[in-house]
Amino acid sequence: MHILRSGTVFRAFFVFMITITVLFPIGVPAAAEEQPVPLQPLIDAAAPGDTLILEQRSYSGPAVIDKPLKILGNDGKIVNRSAQPALSLTAGQTQLDGFTVLQLHRDPLVPAIHITSPGSSLSSLSIKTYGAGIYLREADDITLDSNTIVGSQKSGSTRGNALDLLDSSNITITGNSIARLQDGVYVEGGNSFTVQDNDVSWSRYGFHFMFTKNLDLSRNRSMSNVTGAMIMSVREAEITDNRFEEQNSSVNAQGLLLYDVSASYVARNSIQGNRVGIFVQQSSDNQLLSNEISSNFIGIQMLNAEGNMLRQNLFSANVVPAQAIDSSDNAADQNYWDSAQVLDLDGSGLSDLPYIVNPFFLQITRSTPQLQLLFHSPGLPLLEQLFPVDQERGLSDASPLLKPPELPADANSPEAHKGVLPASLILLGITLISIFNFRGKAQ
Amino acid sequence: MTRQKAMSMAAIRDMNNTSGEDFLSLRAIQTIAGREIKLGFRNPWSYSFMGLFILFSLALLLIQQQQGLQDYSGTTSAMINLILYLLPLMTLLLGSFSIAAEKEEGGWQLLSTYPIRAAGYVLGKYIGTLYVLLIIVAAGFGISGLISAFTSQSYTWKTYSLFIVFSCCLVLFFLALSLLIGVLCRNRWQALTVSVSVWFFLVLGWPTLLIALLGVLAYPLIKPMLMIMVFLNPAELSRLFLVIKLGGGSVLGPEYYRWVNWMHQPEGTLTFLAAGLLWIVLLLTAASWILQRRRTHA
């Protein structure tokens, strides 16, 4: 018995030793390889104006850059697990270029990079964050160019904003690519913004501007967000050549939202496949020119919007082209409406019949939202015709275009759809067999 | 007329020739359905409806030069409404006529003298007419699908299949209703009048009726009442189901956020199918019961 028991102990010890010897050599070097180098000492060691070149390895944050520096990444990676931003720029005149930042702390109010000083430029950074992306707090003269910011898969309120700017002026935001965050570009206050060629998808709002001055929003693309661009309390903005597409999954979705916007210029935007293409509320003296508004559930919706100009816009294949209420005092003419009845007596290319937007359905759904269930019900046209249109409250195009205006050609080529052809052939085959079989047979 | 009667006779002969008990009237159903299919394919009405359906689906395809047929857009919504105008009316007329005509011409009286149960008769009629109607749908989608495959404004596979399912559902639901109308009406004139009124009530006048009715209801009752009404109208239920499956559910607004999400999932499909099946079973049962009652009381 005694011998047997000591043998069991010995065997257990033997197995344990083997396990240790097998596992240890794998575990130790792996840990050594993963061990990131702390970044802060490197920054502390550098003199102001120095260039720090990151190697192709991991560095650990957080770090505060309190002197003008140039940090160039050589595919280097900064990993930050703390509740602080991975990088805080407090001194200004800093240049960050070409590295990856991983912000692993899950807090929507903690950004990967926090900038509180002027004159910096961030380019070609790749930021993966469980919190927010880049915060600018009263930081002027900043350039954010060609960065990629990606948030977590988990949707909802745990996401932060990708670019979050508060009271910052003279900002250039170009060529950034943003996905899965709260707001792509969120700007509150400040003056002079150039926002061009950015791409935001799968976020809440693509572009969100409040109380900003001198905004140039052009050539951006917003796709599959709740709202493409939300512009609120802004004057004299230029919103041109953007693409707002597929904002249609949320019940509050729209391509472009203008609220309390005045004297702005909205032109040549392509607005397709949204729940509401352009939503205009309490906005006045804006020019909406040459926009392409197609395949939206509702093309344009105007509430209490007065004194705006709508011209040369193309409305096609929207379920309902326009809904308007208390928006009679807008100058709308020379737009193309694919559902308009047109009559051109003098050959001017403009219809002599106005296109009148019927406010009936918007009126009843505003007072009883439950009736939205009847949206585009087959019996609605009949009902709408029964009620005379109150021209004082609605929107009407004085002279619609007969032909759609020339717009830049769409790159979308018709794709071949497999399945439709064989299916239709099978259906036709069954039809013909049935007809000949049952019709032709003698009694 | 004489041909119909002759066919009825032939049908009865078939049944009598085969020996053994007709369990659950399966053989009667089969015979009546077969006869209905033959009659349907010799009925000029079927071909004019088929022509109409093909013509309109093609016209719509050709008018929309701008966009392909995909998702919920102006093109697909116009298509939905066109189908809702045409298909229920076609179904109601063909279905109610198939029974009303036989009553008018004496075919039913003749059949009544034989041991065929009313349920078997109604079910046979349902299956037979259904086949003819589904072939009309197949012809319409076959030709428009074929043409769309060779032009730029093509269907996506998802849209195409959803539209076919939508059309078939409309036919299934409205055919059950049409047979009840046929049973209730004495002749074709009556059936025509009732069918058109029912179509107007369920398709064209529906929003007017609902808005008028809900205007007098207390505010909290509006939504539950609307939901009940939707499930009572197969045209509206099918339309909303298709809109949601095409990804257009968000247009119904925050009020229906949860319902739309539910319907978008497979469980929603099951709910829709169960509601549809219940509708068909109830109407066919009512039709057979009334027919049987009138036969025994006549």
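Residues numbered from 1 in each chain as written. Chains lettered and ligands numbered in written order. Predicted model: local features only at pLDDT ≥ 70, side-chain atom pairs only at ≥ 80, totals over all residues.

*Asks:* Where do I start with the UniProt feature "transmembrane region" (unreviewed entry) in chain A in this structure?
*Replies:* Listed under "transmembrane region" (unreviewed entry) in the UniProt record, and renumbered for this structure, are residues 12-32 and 419-438 of chain A. When the span residues 419-438 of chain A is considered, its composition is 95% helix and 0% strand, and the gap between its end C-alpha atoms is 28 Å. (UniProt positions renumbered as here; feature names shortened; annotations may be inferred. Helix = DSSP H or I, 4+ residues; strand = E, 2+ residues; numbered from the N terminus.)

*Asks:* How do you make sense of unusual backbone geometry when you look at a structure like this?
*Replies:* Glycine aside, residues mostly have negative phi angles, and peptide bonds mostly take the trans form. All names here are of chain A. Cis geometry marks the peptide bond from Gly61 to Pro62, where omega comes out at -5°. Its place among the elements puts Pro62 in the loop between strand S3 (58-60) and strand S4 (63-65). Despite not being glycine, Ser192 shows a phi value in the positive range, around 65°. With respect to the element layout, Ser192 can be found in strand S20 (residues 191-196). In this structure, Ala263 is a non-glycine residue whose phi angle is positive, near 50°. Take Ala263: it is sitting in the loop between strand S28 (254-262) and strand S29 (265-267).

*Asks:* How should I be thinking about the nonpolar core in this particular structure?
*Replies:* Within soluble globular proteins, side chains that are nonpolar tend to cluster in buried spots. Ranked by internal contacts, the top residues of the largest apolar core, which has 187 residues, are Val171(B), Ala176(B) and Leu179(B). It is helix H6 (residues 118-149) of chain B that contributes the most residues to this core, 17 residues altogether. (Core = buried A, V, L, I, M, F, W, Y, C linked by C-beta atoms within 7 Å. Buried ≥ 20, exposed ≤ 12 C-beta atoms within 10 Å, placed from the backbone.)

*Asks:* Looking at this model, I keep getting lost on the interface of chain A and chain B. Mind explaining?
*Replies:* When the parts of a complex come together, some accessible area is lost, and that lost area is often used as the size of the interface. With 48 residues of chain A at the contact, the number on the chain B side is 55 residues. Elements supplying a minimum of two residues to the side of chain A that touches chain B: helix H4 (380-386) and helix H5 (420-440) of chain A. When residues in the side of chain A that touches chain B are grouped by element, the largest group, 13 residues, is from H5(A). Considered class by class, the residues forming the side of chain A that touches chain B number 25 nonpolar, 19 polar and 4 charged. (Contact = placed C-beta atoms within 7 Å. Nonpolar A, V, L, I, M, F, W, Y, C, P; charged D, E, K, R; others polar.)

*Asks:* Help me understand helix H13 (residues 266-297) of chain B, please; the structure alone is not making it clear to me.
*Replies:* Spacing of three or four residues puts side chains on the same side of an α-helix, whose turn is 3.6 residues. Spanning 32 residues, H13(B) covers 46 Å between terminal C-alpha atoms, matching the ideal 46 Å at 1.5 Å per step. Along H13(B), the positions that sit buried rather than exposed are Phe272(B), Gly276(B), Trp279(B), Leu283(B), Leu284(B), Ala287(B), Ser288(B) and Leu291(B). (Expected span 1.5 Å × (residues − 1).)

*Asks:* In this structure, what is going on with the packing of helix H4 (residues 74-105) of chain B against helix H8 (residues 188-204) of chain B? I would like to understand it.
*Replies:* When two helices pack together, their arrangement is given by the angle between the helix axes and the distance between those axes. All names here are of chain B. It is at 9 Å that the axes of H4 and H8 come closest, and there the two elements cross at 155°. In terms of orientation, H4 lies roughly antiparallel with respect to H8. Relative to H8, the crossing made by H4 is right-handed. Between H4 and H8, the contacting residues are Leu84, Tyr85, Pro88, Leu89, Leu92, Leu93, Ser96, Phe97, Ala100, Ala101 and Glu104 on the first element and Arg188, Gln190, Ala191, Leu192, Ser195, Val198, Trp199, Leu202 and Val203 on the second. Split into classes, the residues belonging to the contact of H4 with H8 amount to 15 nonpolar, 3 polar and 2 charged. (Axes fitted to C-alpha atoms, helices over the stretch in contact; angles between N-to-C directions. Parallel < 35°, antiparallel > 145°, perpendicular 65-115°, else oblique. Left-handed = near helix turned anticlockwise from the far one by under 90°.)

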